[in-house]
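Per-entry structural report
Single-letter residue listing:
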Amino acid sequence: MTPLGPMLRNDGHPAADDIRGKLGQVCKKVGKLLIPRTAEQIAEYDGEEGMPMWIVIGTTVYDITTFTFGTQMEKGQLTENPGGRPKRLPDDPDVYEDLLKRLQPFRCALFEGIKALRKTVLPPFTPAMLGWHDNPTSGMYISVDGIIYNVSAYVERHPGGRDILAQAFGREANDFYEFHGPDTMADFAELAVGKLVPEIERDQIEEGHVAIHDWVFDLSKLDASAEDQWVLPVVAHLVGKDASEAIQEPGEVSNALVHIYTECKEAIVAHVESAEVGEIPMGEVARHNNPRSSQGAWVTIEGNVFDVTTLMLHGKSIHGKELPHMWAGTELEDEGLCEWLRQYFPYRIIGRAVAGEAIPEPTVEELLKSRVGPSEEEAKEDELQRLIWGIDKDDPSCGGRIRFCGRGERGHGRACKGEGGGRRKFGQGDLENFLRNRAAKLKSASGRGGKKRSADVDGKAAAGPSVKRRV
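Just so it is clear, the model here is predicted, and its values are computed rather than measured.

**Thoughts on the overall build of the protein**
Tallying secondary structure elements over the protein gives 15 helices and 19 strands in all. In the protein, which comprises 471 residues, the proportion classed as buried is 39%. Long-range contacts, defined as pairs at least 24 residues apart, comprise 67% of the intrachain contacts of the protein with a sequence gap of at least 6. Of the roughly 26,000 Å² of accessible surface on the protein, 51% is carried by carbon and sulfur atoms.

Pasting the structure below:
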């Protein structure tokens, strides 16, 4: 260690030359420090304009500027993609091992791959679901060859800059290979978060497919093991149909459909498009007038209610168009902005505006009196949603925000007439959390006046979700 840090640099420090001169006399060289380099940094070393030529093999970076190639074929293989990974390497294991031995002295860095949690089964996204992820708040996703990547952590490292990459946020990057090589995404597999599937009409369900709660499963993609194959004869009569009602009936058929729905997500190939949206009172729309609040921001256009929260927050920087906050909670009257929303963001329609007051908040008395959980049918459907998708806050179609229809199921931002207008009913779990927190607050209030604040009913510090309306 020197006064300059762990690396001895030739930057004029008075001790540097003295230390460097004596290193060979008093110390034995034991190795070479390899610094991690990103793909963007390595790409600059392409042998052009006086730059060294680097290549990546495995996780090691080699400087082949002065490397002696064994044959012309070897030279062609290693120099075909300078600043990246060779597209071709020797097929013979012995030849390949010999090449790595000869390259060993030319190691110059380590490849710093992008680290993220790899998902064994990629969940499906429709184009509309992908569209919500076009901003820093909800996550910045792009689709390449049907695979969806979360590039939020990579944006600032993109060699072409943020603005170019931003053009593909929330959509398919159709011109990706005009600017990138065919193997580019191999280094970014860890960023994959989903697969893109199309929206289809209900009458377009094909033979060999079955629809369950609007997701279409290709039964030919089920695992060949007995673990999955047992369901095929059981659901054979439902092939090419919508089985959403059949799954509700107790019995072997329902069990088979539940197995497909919860255990065979890799077989999802499409989503049945639904144009149904609920009605939202204008008083409720007016309440959603601040994109920086938990309520978010809604606007109406010709009776359609659009959720424009993230567009107001990031429209200028991501889409190059500003949606002023002054329109939040009102009828949007700027025709240019109206056309922009209609053309590019139809999936942000969450309901139809109708006359009416804002939906009142439930009172404590109402909550205490209505100790009624969801119906058996609703509970079953909610449990299926949790099994296949996990917790609601991760709903990809909701842009990271929790939105429920009246039944408590994940409705992709849609509201339901007469059942909360987009609000989720309080279920038994919500009520128990509320009562727990309420008890803690009451005990805390009764203990004021010099006494230590009380713990909750289980002896733990009072915590848990507060009861708020969630849309």
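**Points about helix 12 (residues 335–344)**
Those residues of helix 12 lying buried are Leu 337, Cys 338, Trp 340 and Leu 341. Looking down the long axis of helix 12, one finds its buried residues gathered within 160° of arc, a one-sided arrangement. Where helix 12 is buried, its residues meet strand 16 (296–301), strand 17 (304–307) and helix 11 (309–319). Its side-chain oxygen placed 3.0 Å from the backbone nitrogen of Gly 336, Asp 334 serves as the N-cap of helix 12.

**What about the environment of Leu 78?**
Within the secondary structure layout, Leu 78 lies in helix 3 (residues 72–79). Between the C-alpha atoms of Leu 78 and Ile 55, which are 23 residues apart in sequence, the distance is 7.4 Å. What Leu 78 contacts, discounting residues up to four positions off in sequence, is Ile 55, Ile 64, Phe 67, Phe 69, Pro 86, Leu 89 and Leu 99.

**Topic: the sheet that holds strand 13 (residues 268–272)**
In space, the 4 strands of this open sheet follow the order 10-13-12-11, with mixed pairing throughout. Because the sheet does not close on itself, it has two edges, and the strands there are strand 10 (199–200) and strand 11 (209–212). Relative to strand 13, strand 12 (residues 215–218) runs antiparallel, the two being bridged by 3 bridges. Residue pairing in the sheet places Trp 215 in a bridge with His 271 of strand 13.

**Considering the packing of aromatic side chains**
Considering all chains together, one arrives at 9 aromatic pairs under this definition. Taken together, a centroid distance of 3.7 Å and an interplanar angle of 5° make the contact between Tyr 45 and Trp 54 stacked. Between Tyr 154 and Phe 188, the aromatic rings sit 5.0 Å apart at their centres with planes inclined by 65°, giving edge-to-face as the arrangement. With a gap of 34 residues between them, Tyr 154 in the loop between strand 8 (147–150) and helix 6 (162–166) and Phe 188 in the loop between helix 6 and strand 9 (192–196) connect regions that are remote in the sequence.

**Some words on the nonpolar core**
Judged by nonpolar contacts, the single largest core of 27 residues is most densely connected at Ile 148, Ile 212, Trp 215, Phe 217, Leu 257 and Ile 260. Within the residue set of this core, elements represented by two or more residues are helix 5 (127–131), strand 9, strand 11, strand 12, helix 8 (231–234) and helix 9 (252–263). With 4 residues, helix 9 is the single largest residue contributor to this core. By size, the runner-up hydrophobic cluster in this structure holds 19 residues, among which are Met 140, Val 144, Met 185 and Phe 188.

**Some points on the pattern of salt bridges**
All told, the structure shown has 11 salt bridges when counted by the stated rule. One connected set of salt bridges, linked through shared partners, spans Glu 302, Glu 335, Glu 339 and Arg 342.

**Details of the pairing of strand 2 (residues 54–57)**
Burial of strand 2 is two-sided: the residues Trp 54 and Val 56 facing one way and the residues Ile 55 and Ile 57 facing the other way are all buried. As paired elements, strand 2 and strand 3 (residues 60–63) share 4 bridges and run antiparallel to each other. Paired with Trp 54 across the bridge in strand 3 is Asp 63. The antiparallel pairing of strand 2 with strand 3 creates a hairpin that spans 2 residues between the two strands, and Gly 58 there sits at a positive phi of about 65°.

**Overview of unusual backbone geometry**
Peptide bonds are trans in most cases, and residues, glycine excluded, mostly fall at negative phi. A positive phi angle, close to 50°, is found at His 213, a residue other than glycine. As for its placement among the helices and strands, His 213 is situated in the loop between strand 11 and strand 12. Its identity as a non-glycine residue notwithstanding, Glu 302 has a phi of 50°, on the positive side. Examined against the element boundaries, Glu 302 turns out to sit in the loop between strand 16 and strand 17.

**What to know about the confidence of the model for the protein**
When pLDDT is averaged along the protein, the result is 76; 69% of the residues meet or exceed 70. Across residues 389–431, confidence stays below pLDDT 50; counting only partners more than four residues off in sequence or on other chains, it has 118 contacts. Across residues 445–471, where pLDDT falls below 50, the model places 43 contacts with residues more than four positions away in sequence or in other chains.

**Some points on helix 11**
Turning to helix 11, its buried residues number three or more, namely Thr 309, Thr 310, Leu 311, Met 312, His 314, Gly 315 and Ile 318. Among the structural elements, strand 6 (134–135), helix 6, strand 16, strand 17 and helix 12 are those in contact with the buried residues of helix 11. Two residues or fewer past helix 11, Gly 320 is found with a positive phi of approximately 70°.

**Considerations on a negative patch on the surface**
A grouping of Asp 223, Glu 227, Glu 263 and Glu 266 is seen on the molecular surface, where their side chains present a negatively charged patch. When you line up the elements, Asp 223 lands in the loop between strand 12 and helix 7 (226–229). Classification of Asp 223 as partly exposed rests on a relative accessible area of 40%.

**Concerning the side chain of His 259**
Relative to the assigned elements, His 259 resides in helix 9. With sequence-adjacent residues up to four places away left out, His 259 is seen in contact with Glu 227, Asp 228, Trp 230, Val 231 and Cys 264.

**Let's talk about the sheet that holds strand 4 (residues 107–111)**
A sheet is described by the order of its strands in space; here 4 strands give the open sequence 1-4-3-2, paired in mixed fashion. Strands with a single pairing partner mark the edges of an open sheet, and in this sheet they are strand 1 (35–37) and strand 2. The average angle at which neighbouring strand axes cross in this sheet is 40°, direction not considered. The sheet strands contacting helix 4 (residues 93–103) are strand 2, strand 3 and strand 4, and the helix crosses strand 2 at an angle near 135°.

Rules used throughout
- Residues numbered from 1 in each chain as written.
- Predicted model: local features only at pLDDT ≥ 70, side-chain atom pairs only at ≥ 80, totals over all residues.
- Heavy atoms only, no water.
- Helix = DSSP H or I, 4+ residues; strand = E, 2+ residues; numbered from the N terminus.
- Buried < 20%, exposed > 50% of the residue type's maximum accessible area, 1.4 Å probe, protein only.
- Contact = heavy atoms within 4.5 Å.
- Areas by Shrake-Rupley, 256 points an atom, 1.4 Å probe, with all protein chains shown as cover.
- Arc of directions from axis to C-beta.
- Polar contact = N/O pair within 3.5 Å; in protein donor to acceptor, adjacent residues only side chain to side chain.
- Pairing = 2+ DSSP bridges.
- Phe/Tyr/Trp six-rings, centres within 6.5 Å; stacked < 30°, edge-to-face > 60°.
- Core = buried A, V, L, I, M, F, W, Y, C linked by side-chain atoms within 4.5 Å.
- Salt bridge = Lys/Arg side-chain N within 4 Å of Asp/Glu carboxyl O.
- pLDDT = per-residue confidence, 0-100.
- Patch = residues over 30% accessible without salt bridge, like charges linked within 9 Å, V, L, I, M, F, W, Y side chains within 5 Å.
- Lys, Arg positive; Asp, Glu negative; His and termini not counted.
- Charge placed at Lys NZ, Arg CZ, Asp CG, Glu CD.
- Axes fitted to C-alpha atoms, helices over the stretch in contact; angles between N-to-C directions.

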